[in-house]
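Analysis of the macromolecular model
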Amino acid sequence: MAVITNAYESILVVSCKLGEEGIQSVIAKFKELIEANATLESVEEWGVRKLAYLIEKQSEGYYVLFNFTCGAEFPAELERVYKITDGVLRSNVIRKQA
């Protein structure tokens, strides 16, 4: 039986309070997690952007877009790890339409 895989994209907004090294370590952590559980297609670092509204009293965040393919169970685990990681202001995992 073939494993069904879907294409996903995930946007991650990291706190600028972490500093350059902290931001890169958070990105590296999620890059490794995705590579271990999925096929990572691309990582786009959009850099520091102004937030639409204050999140945790911060007006800017560091945006990163991950594109990957995986089975249906991994996105829930990825979202769980996003929620428990310090420095993650917002995150979203979206399944792309085929």
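My aim in this report is to walk through the structure given alongside it, one point at a time.

Rules and cut-offs
Residues numbered from 1 in each chain as written. Predicted model: local features only at pLDDT ≥ 70, side-chain atom pairs only at ≥ 80, totals over all residues. Heavy atoms only, no water. Helix = DSSP H or I, 4+ residues; strand = E, 2+ residues; numbered from the N terminus. Rg over C-alpha atoms; globule rule 2.2 N^0.38 Å. Buried < 20%, exposed > 50% of the residue type's maximum accessible area, 1.4 Å probe, protein only. Contact = heavy atoms within 4.5 Å. Lys, Arg positive; Asp, Glu negative; His and termini not counted. Charge placed at Lys NZ, Arg CZ, Asp CG, Glu CD. Phe/Tyr/Trp six-rings, centres within 6.5 Å; stacked < 30°, edge-to-face > 60°. Core = buried A, V, L, I, M, F, W, Y, C linked by side-chain atoms within 4.5 Å. Salt bridge = Lys/Arg side-chain N within 4 Å of Asp/Glu carboxyl O. Expected span 1.5 Å × (residues − 1). Arc of directions from axis to C-beta.

This paragraph deals with the overall build of the protein. Of the regular secondary structure elements, the protein holds two helices and four strands. Element order for the protein, N to C, with α for helix and β for strand: β-α-β-β-α-β. Its C-alpha atoms give the protein a radius of gyration of 14 Å, near enough to 13 Å, the size a compact globule of 98 residues would have. Here the C-alpha coordinates of the protein stretch approximately 50 × 25 × 20 Å along the principal axes. Within the protein, buried positions represent 40% of all 98 residues. Once local pairs closer than 6 in sequence are excluded, the contacts in the protein between residues at least 24 apart make up 71%. Computed over 11 positive and 14 negative side-chain charges, the inter-centroid distance for the protein is 7 Å.

Let us now look at the packing of aromatic side chains. One pass over the full model with this rule turns up three aromatic pairs. Between the aromatic rings of tyrosine 8 and phenylalanine 68, the centroid separation amounts to 5.8 Å while the plane-to-plane angle is 20°, which identifies the pairing as stacked. In this pair, tyrosine 8 is assigned in strand S1 (residues 6-15) and phenylalanine 68 in strand S3 (residues 58-70), connecting sequence segments 60 residues apart. Under the relative-accessibility criterion, phenylalanine 68 is labelled buried at 1%.

Next up on the list: the nonpolar core. Residues Leu12, Phe30, Ile34, Phe66, Phe68 and Leu78 are the most contacted members of the largest nonpolar core, which totals 21 residues. Contributions of two or more residues to this core are made by S1, helix H1 (19-37), S3, helix H2 (74-84) and strand S4 (88-95). Isoleucine 34 has contacts with Leu40, Phe66, Phe68, Phe74 and Leu78, leaving out every residue within four places of it along the chain. With five residues, the next largest nonpolar core counts Val13, Leu51, Ile55 and Leu89 among its residues.

Under the definition given, this model contains one salt bridge. Measuring nitrogen to oxygen at the nearest pair gives 3.0 Å for the salt bridge that ties arginine 80 to glutamate 77. Taken together, the positions of arginine 80 and glutamate 77, both in helix H2 and three residues apart, correspond to about one turn of that helix. Relative accessible area serves as the criterion here: at 44%, arginine 80 is assigned to the partly exposed category. Among the residues examined, glutamate 77 registers a relative accessible area of 32% and is labelled partly exposed.

In this model, H1 (19 residues) spans 28 Å end to end at C-alpha, consistent with the 27 Å of a helix rising 1.5 Å per residue. Along H1, the residues classified as buried are Gly22, Ile23, Val26, Ile27, Phe30 and Ile34. All buried residues of H1 project into a common sector of 135° when viewed along the axis, lining one side. Counted as exposed and oriented over 90 degrees from the buried face of H1: Glu20, Glu21, Glu32 and Ala36. If you follow the buried residues of H1, they end up packed against S1, strand S2 (39-55), S3, H2 and S4.

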